[in-house]
Amino acid sequence: IDRYNQRSVEKRGEMTIDETRAAQRMERSAMLAWLDTLSAADLEKTGRHPAIGIIPIDMYVRVIARHQ
């Protein structure tokens, strides 16, 4: 997690505030578009979150949304 977070900070550090905001908007739009493709059954599947452990996909998406 630390290595991923550090690399994200490094990449964002090279961007202007406007570029960072635009990138975040695009990432959020992509996530919402992906979310629209999932069924209710898909949301009940589980995955491994590196800090929380195994959780349903719907909870994973909520964690990501709060983090953003």
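Conventions adopted
Residues numbered from 1 in each chain as written. Predicted model: local features only at pLDDT ≥ 70, side-chain atom pairs only at ≥ 80, totals over all residues. Heavy atoms only, no water. Helix = DSSP H or I, 4+ residues; strand = E, 2+ residues; numbered from the N terminus. Rg over C-alpha atoms; globule rule 2.2 N^0.38 Å. Buried < 20%, exposed > 50% of the residue type's maximum accessible area, 1.4 Å probe, protein only. Contact = heavy atoms within 4.5 Å. Pairing = 2+ DSSP bridges. Expected span 1.5 Å × (residues − 1). Arc of directions from axis to C-beta.

A.B. asks: An account of the overall build of the chain is needed here, citing residue identities and associated values.
C.D. replies: A tally of helices and strands in the chain yields four helices and two strands. In the chain, the order of α-helices and β-strands from amino to carboxyl end is α-α-α-β-β-α. Computed over the C-alpha atoms, the radius of gyration of the chain is 14 Å, more than 25% above the 11 Å expected from 2.2 N^0.38 for a compact globule of 68 residues. Dimensions of the chain, computed from C-alpha atoms along their principal axes, come out at roughly 40 × 25 × 15 Å. Every one of the 68 residues in the chain was classed for burial, and the buried ones make up 15%. Looking at the chain alone, contacts between residues at least 24 apart form 22% of all its contacts between residues at least 6 apart.

A.B. asks: Explain the pairing of strand β2 (residues 53-56) to me, using residue names and the numbers behind them.
C.D. replies: By the bridge criterion, four bridges tie strand β1 (residues 46-49) to β2 in an arrangement that is antiparallel. By the bridge assignment for β2, H49 is matched with G53. Taking the residues that link successive antiparallel strands as the turn, the β1-β2 hairpin has three residues.

A.B. asks: I'd love a proper account of helix α2 (residues 17-36), names of residues and values included.
C.D. replies: End to end, α2 covers 29 Å across 20 residues, agreeing with the expected 28 Å (1.5 Å per residue, within 8%). Along α2, the positions that sit buried rather than exposed are T20, A23 and M31. Buried residues of α2 fall within an arc of 70° about the axis and therefore sit on the same side. Turned more than 90 degrees from where α2 packs its buried face, D18, R25, M26 and D36 sit exposed.

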